[in-house]
Number of protein chains: 2
Amino acid sequence: MTTTPEVPSVNPPAESIPHDNLPPEGSRQTVSRFLRQLQDDICAHLTQLDGKGTFLEDSWERPEGGGGRSRVMKEGAVLEQGGVGFSEVWGSALPPSVLQQRPEAKGHQWYATGTSLVLHPRNPYIPTVHLNYRYFEAGPVWWFGGGADLTPYYPFAEDAAHFHQCLKQACDGHSPNYYPVFKRWCDEYFYIKHRQEMRGVGGIFFDYQDGQAGEIYRGPDAEGPAARQSAAIGPVAPRSWEALFALVQSCAGAFLPSYLPIAQRRQHTEYGDRERSFQLYRRGRYVEFNLVYDRGTIFGLQTNGRTESILMSMPPLARWEYNYQPQAGTPEAELVATYLKPQDWAAWAPLAQ
Amino acid sequence: MTTTPEVPSVNPPAESIPHDNLPPEGSRQTVSRFLRQLQDDICAHLTQLDGKGTFLEDSWERPEGGGGRSRVMKEGAVLEQGGVGFSEVWGSALPPSVLQQRPEAKGHQWYATGTSLVLHPRNPYIPTVHLNYRYFEAGPVWWFGGGADLTPYYPFAEDAAHFHQCLKQACDGHSPNYYPVFKRWCDEYFYIKHRQEMRGVGGIFFDYQDGQAGEIYRGPDAEGPAARQSAAIGPVAPRSWEALFALVQSCAGAFLPSYLPIAQRRQHTEYGDRERSFQLYRRGRYVEFNLVYDRGTIFGLQTNGRTESILMSMPPLARWEYNYQPQAGTPEAELVATYLKPQDWAAWAPLAQ
């Protein structure tokens, strides 16, 4: 048995990387083609769902290298606003925040491609949803990251369960170890510390998945539930680039089946000022999370990204109210008490009649 | 001529501080009494201005020491929302962000008192306004900070000029050197980098005013206009605690005369959906500034401050719209083109008829 050499922190010679861990020929094109197609598929299905709105596209170029296409639907019938962005960018030096996590990338040109979306439906009974899948290459290292999470305004256990079950199924097809870690990682990431609540009911989130043997969890909280779950599973064997790309394809492919049925079954539910008002109030929390905690947003704003594309995630309208507390016994109170805390949604099942 | 010893960075012996730079007996009570009275006066006049709304008060205590009283008017006739907060707090260790600027405070108990407000008027022709004045003591050091700035939605040069002239007059009564530095410092601080625009027409801002001989400007941008203005003035002589407190009293006292006449002359101007929509859109920028850049907000949220009091500054309603651009030749375009860039408002005068 040979020992896998530890990857040194700066500019490792190519021979220190296991041969079978190299990306295949044309890896960048393969992933970007998939993510571009993902944007196309999602936009096509959302347009069909909406029935009224259409996506307008802005193509943009990045002076340092690359560009993207931002697609926004405004004032649709179902979607009050929806933004779906694809980007493929490259440059000469990754920012310090990324290099801290991936020191092997230092001194190397980098490449990144990703698709992301945030949908703000009009009807408060339809949850807001977010998705992001991304792929990086930088010198000797490559990794996949991303996930999807659901932010309901009204508590429907069957919606949260359906969303999680779709994502779990996508993960489980590759290994039963992924979902339990990625689910907790998502709960950890989409946490609004100053409100002591989650952004919503979560979903899955992962980062720095590079196929190297070791812990599945690569996040910052070494003491949290995701790290503990990952440690309980123990170090996993090396996985090929193809295996991880297949995992991402499955997760991304699970998006439409995870969300469309929820939007479809809630879109005609009647609502009034009370539900609209609560929706706008909760959207304020979405703004707080994105501007105070979201790494992608903060990184983008601080590094002169395309502001309008970065802030496509902002809600069309949001509300703040000093010291608002939902009345006990209402659905609004139930949302906060139960749905904004981590729950094992994938295991939820309706009570037998 | 004796040389003033340089204050060492950690726990200086008391004798290294010039005797005449010590705060007077009862300094904390003196300032907190003034700032509490400021809150009272401002609330009384705003209640009178509004004619319909009233301020509701929440008193709160801080587990580590101290507390405050938050006053909020919701759904007034003139003020859609207004928050005026007073706090007086203390603790055993200042956070790293403050210690970096004031290393002499390390290892000392600290005391801080402040009054702050943000008013979000209903009528889009009335500007939003912000004020904050604060006082710190920590071991051998004390300092005053604060300022006030105006964020109009529609371009009225006379409003911007009036606001600045009131603040300039308050500063000039103490030294002609203050306003030119504090005005530029305000332009520098209330800058939304990712939008490349100022939050509004500015006003004055200052920090770390401790009476020591030296530069008036104590901000982070050693190359900016405020630093250059301060350098052009050159190091100023030591100023007593009493002299700086008097400056703060004058600036704080200028608030009502700087703002009330503007609110009074705009409150009955008719407006429609267009102006309301633009106001809500611009309020989104206020949210972006407060959550992405404002040191007080970020510091408060990250250090378990009272979230509801910190976020009293959030607008009651705000709007985002992908890629919105005001139409050329409109007041909305003029606001962005002229009012969100630094201008010498204090020097503005109406053209002779």
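On a predicted model such as this, the values are computed, not experimentally measured, just so you know.

What to know about the packing of aromatic side chains
(1) Moving on: Taken as a whole and assessed by the stated rule, the structure comprises 58 aromatic pairs over all chains.
(2) Moving on: Cation over ring: Arg 266 of chain A sits above Phe 156 of chain A, and NZ or CZ is 3.7 Å from the ring centre.
(3) Moving on: Cation over ring: Arg 102 of chain B sits above Trp 143 of chain B, and NZ or CZ is 5.9 Å from the ring centre.

Considerations on the pairing of strand β4 (residues 110–121) of chain A
All names here are of chain A.
(1) Moving on: The element β4 is extensively covered by neighbouring structure, given that 11 of its 12 residues are classed as buried.
(2) Moving on: By the bridge criterion, 12 bridges tie strand β3 (residues 79–91) to β4 in an arrangement that is antiparallel. Across the sheet, the residue bridging to Gly 82 is Leu 119, located in β4.
(3) Moving on: Bridging between β4 and strand β5 (residues 128–138) involves 10 bridges; their strand directions are antiparallel. Directly across from Thr 115, in β5, lies its bridge partner Tyr 133.
(4) Moving on: Counted between consecutive antiparallel strands, the loop separating β4 from β5 contains six residues.

What to know about the sheet that holds β3 of chain A
The strands that make up a sheet are held in pairs by hydrogen bonds between backbone atoms, and each pair lies either parallel or antiparallel.
Residue and element names in this part refer to chain A.
(1) Moving on: The strand order β1-β2-β3-β4-β5-β6-β9 describes an open sheet built from seven strands, whose pairing is antiparallel. The open sheet has two edge strands with one neighbour each: β1 (56–61) and β9 (202–209). Sheet twist, expressed as the mean angle between neighbouring strand axes with direction ignored, is 5°.
(2) Moving on: This element, helix α4 (residues 178–189), spans β6 (141–151) and β9 of the sheet and lies at about 100° to β9.
(3) Moving on: Across the sheet, helix α7 (residues 255–266) is in contact with β4, β5 and β6; its angle to β4 comes to roughly 10°.

Re the confidence of the model for chain A
(1) Moving on: Averaged over all residues, the pLDDT of chain A is 92; the fraction at 70 or higher stands at 93%.
(2) Moving on: Overall, residues 1–17 of chain A carries pLDDT values under 50, and its contacts beyond four positions in sequence, including any with other chains, amount to 18 contacts.

Things to note about the pattern of salt bridges
Residue and element names in this part refer to chain A.
(1) Moving on: Counted according to the given criterion, the structure contains 54 salt bridges over all chains.
(2) Moving on: A salt bridge links Glu 332 to Arg 274, with the shortest nitrogen-to-oxygen separation between them at 2.7 Å. On the criterion of sequence distance, the pair formed by Glu 332 in helix α11 (residues 331–339) and Arg 274 in helix α8 (residues 273–292) is long-range, its members being 58 residues apart.
(3) Moving on: Its relative accessible area of 3% is what places Glu 332 among the buried residues.

A few points about the environment of Phe 55 of chain B
Residues and elements named next belong to chain B.
(1) Moving on: On the secondary structure map, Phe 55 appears in the loop between α1 (27–50) and β1 (56–61).
(2) Moving on: Taking the relative accessible area as the measure of exposure, Phe 55 reaches 14% and is therefore buried.
(3) Moving on: Between the alpha carbons of Phe 55 and Gln 81 there is a distance of 9.8 Å; along the sequence they are 26 residues apart.
(4) Moving on: Filtering out sequence-adjacent residues up to four positions away, Phe 55 remains in contact with Cys 43, Leu 46, Thr 47, Arg 71, Val 72, Met 73, Gly 82 and Val 84.

What to know about the sheet that holds β1 of chain B
All names here are of chain B.
(1) Moving on: Ordered by their spatial adjacency, seven strands build an open sheet running β1-β2-β3-β4-β5-β6-β9, and the pairing between neighbours is antiparallel. In the strand order of this sheet, the two ends are held by β1 and β9 (202–209), each with one partner. Recorded for the sheet is a direction-independent mean angle of 5° between the axes of neighbouring strands.
(2) Moving on: Pairing geometry for strand β2 (residues 66–74) and strand β3 (residues 79–91), over nine bridges, is antiparallel. Residue pairing in the sheet places Lys 74 in a bridge with Gln 81 of β3.
(3) Moving on: The strands touched by helix α6 (residues 241–253) within the sheet are β5 (128–138), β6 (141–151) and β9, with β6 carrying the most contacts at an inclination of about 20°.
(4) Moving on: Helix α8 (residues 273–292) rests against β3, β4 (110–121), β5 and β6 of the sheet, and its axis sits at about 160° to β4.

About the thresholds
- Within every chain, residues take consecutive numbers counted from 1 along the sequence as written.
- To read the labels, note that chains go from A and ligands from 1, taken in the order they are written.
- Where local features are concerned, this predicted model is filtered to residues with pLDDT of at least 70; where side-chain atom pairs are given and counted, the filter is 80 or more; whole-chain, interface and lining totals use all residues.
- Heavy atoms from the whole structure form the basis of all side-chain values; hydrogens and water molecules are not counted.
- For Phe, Tyr and Trp, rings pair up if their centres lie within 6.5 Å, where Trp contributes its six-membered ring, and each pair is then called stacked (planes under 30 degrees apart), edge-to-face (over 60) or tilted (otherwise).
- Put simply, a charge is over a ring when the Lys NZ or the Arg CZ is close to the ring centre, within 6 Å, and near the line of the ring normal, within 35 degrees.
- Burial status follows relative accessibility: with a 1.4 Å probe on protein chains alone, a residue under 20% of its type maximum counts as buried, one over 50% as exposed, and anything between as partly exposed.
- Strands are runs of DSSP state E lasting at least 2 residues, helices are runs of H or I lasting at least 4, and numbering of each runs from the N terminus.
- Whether two strands pair comes down to DSSP finding at least two bridges between them.
- Angles shown run from 0 to 180 degrees and are taken between the N-to-C directions of axes, each axis being a line fitted to C-alpha atoms and, for helices, limited to the stretch in contact.
- When checking whether two residues touch, look at their non-hydrogen atoms; a contact exists if any pair is within 4.5 Å.
- What pLDDT reports is the predictor's confidence in each residue, on a scale of 0 through 100.
- By definition, a salt bridge exists where a carboxyl oxygen of Asp or Glu is found within 4 Å of a side-chain nitrogen of Lys or Arg.

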